[in-house]
Amino acid sequence: MNAEASQEHYEDKVTAGPGGAMTDDVGVVTGDLTVVTARRPDGLADVRVQYTGAEEWYTLTGGPRAVPPGGLRAFHDAVLAAVRAGGAAEVPR
């Protein structure tokens, strides 16, 4: 198993709300997305999104962020809620 595979992460599919989610790479993405939140070795969390079924991944604007006291799962759930809300969603503060 490689280091990335053993890294703590969560992955879910979500439909972006009106106005989508803002990425550093291509601007706003909309529609059915896959969201991955992963803890890095330095304790920060990266959030990546892709159009579900596509190969390209994009960095959600606003990251990386420190993992809050509630843990990575709670942080990932907050990311999903932001993307569902839309409005050019970014990584929650």
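Residues numbered from 1 in each chain as written. Predicted model: local features only at pLDDT ≥ 70, side-chain atom pairs only at ≥ 80, totals over all residues. Heavy atoms only, no water.

Description of the overall build of the chain
Assigned secondary structure in the chain consists of 2 helices and 7 strands. The C-alpha radius of gyration of the chain comes to 12 Å, within 12% of the 12 Å expected for a compact globule of 93 residues. Overall, the C-alpha framework of the chain stretches about 35 × 30 × 20 Å when taken along its three principal axes. Considering the chain as a whole, with its 93 residues, one finds that 35% of them fall into the buried category. Partitioning the intrachain contacts of the chain with sequence separation of at least 6 by distance along the chain shows that 52% fall at a separation of at least 24. Summing over all exposed atoms, the chain offers an accessible surface of approximately 5,000 Å²; the carbon and sulfur share of this is 51%. Side-chain charges in the chain split into 8 positive and 13 negative, and the spacing between the mean points of these groups amounts to 6 Å. (Helix = DSSP H or I, 4+ residues; strand = E, 2+ residues; numbered from the N terminus. Rg over C-alpha atoms; globule rule 2.2 N^0.38 Å. Buried < 20%, exposed > 50% of the residue type's maximum accessible area, 1.4 Å probe, protein only. Contact = heavy atoms within 4.5 Å. Areas by Shrake-Rupley, 256 points an atom, 1.4 Å probe, with all protein chains shown as cover. Lys, Arg positive; Asp, Glu negative; His and termini not counted. Charge placed at Lys NZ, Arg CZ, Asp CG, Glu CD.)

Notes on helix α2 (residues 72-85)
Along its 14 residues, α2 runs 20 Å from first to last C-alpha, staying within 8% of the 20 Å computed at 1.5 Å per residue. Within α2, burial applies to L72, F75, H76, V79, L80, A82 and V83. Buried residues of α2, viewed axially, fall in a sector of 160 degrees; they line one side. Of the surrounding elements, those touching the buried residues of α2 are β1 (9-15), β2 (21-23), β4 (32-39), β5 (44-51) and β7 (65-66). G86 sits one or two residues past α2 and shows a positive phi near 75 degrees. (Expected span 1.5 Å × (residues − 1). Arc of directions from axis to C-beta.)

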